[in-house]
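Structural overview for review
Here are the chains, one letter per residue:
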Amino acid sequence: MGILDSLQNSPAFKGMLGQLEAAVVPAVLSEVLGNGGQGGLSAVVAKFQQAGFGDQVKSWIGSGQNLPITAEQLQQVLGSDTVKQLAMRFDIPVDQLTKVLAQQLPKAVDHASPAGKLPSRA
C-alpha cells in the first residue's frame, strides 16, 4: 500500500472530502438542475428518461424509495464534456464529482417534487 492509498483511507482525508462535498454539492446540483447548461430540472429528468432510466426517474419523483443510479450512468446521461466542465469549474476530480452527483441527484429530484410531480417552473 502506497502513501496515497494510506492518505485516501485516512479519517482526516475522508473528513476533508466530506467538507468539500458539503460545500460544493449544492452549487453543482444548482448548476445541473437549475437553468445552467442542462436546461433545468425538467430537461435533466427528460434526459434520464430518454436514456432508458425512466424507472429511476419515476422513483425519484414519486413517493417511496429512490432507485439508485451509478456514477457511470450519470456521466453517460449528462455527457462527459459537461461533467468535465463542472469538475473543472468546481475544482473536483471527475470521478469524485460523478460519485457524489449520483448519490445526491435522486435526493434533489425527490426533494424538488414533494407532491409526486415536477414543479411547473422546473
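Relevant structure appears above.
Our subject in this report is the structure included herewith.

Here is what the cut-offs are and how they apply
- Residues numbered from 1 in each chain as written.
- Predicted model: local features only at pLDDT ≥ 70, side-chain atom pairs only at ≥ 80, totals over all residues.
- Heavy atoms only, no water.
- Axes fitted to C-alpha atoms, helices over the stretch in contact; angles between N-to-C directions.
- Helix = DSSP H or I, 4+ residues; strand = E, 2+ residues; numbered from the N terminus.
- Contact = heavy atoms within 4.5 Å.
- Phe/Tyr/Trp six-rings, centres within 6.5 Å; stacked < 30°, edge-to-face > 60°.
- Buried < 20%, exposed > 50% of the residue type's maximum accessible area, 1.4 Å probe, protein only.

Topic: the packing of helix α3 (residues 41–50) against helix α4 (residues 54–61)
- Running from N to C, α3 and α4 cross one another at 145°; their axes reach a closest spacing of 7 Å. On α4, the residues that touch Val 45, Phe 48 and Gln 49 of α3 are Gly 54, Val 57, Trp 60 and Ile 61.

Regarding the packing of aromatic side chains
- Evaluated as defined, the whole model comprises two aromatic pairs.
- Taking the centre distance of 5.5 Å and the plane angle of 70° together, the rings of Phe 48 and Trp 60 count as edge-to-face. Taken together, the positions of Phe 48 in helix α3 and Trp 60 in helix α4 put the pair 12 residues apart, joining distant regions of the chain.
- Residue classification places Trp 60 among the buried residues on the basis of a relative accessible area of 1%.
- Among the aromatic residues, ring-to-ring pairing joins Phe 48, Phe 53 and Trp 60 into one connected group.

A few points about α4
- Of all eight residues in α4, six are buried, a share of seventy percent or more.
- Within the sequence span of α4, burial applies to Gly 54, Gln 56, Val 57, Ser 59, Trp 60 and Ile 61.

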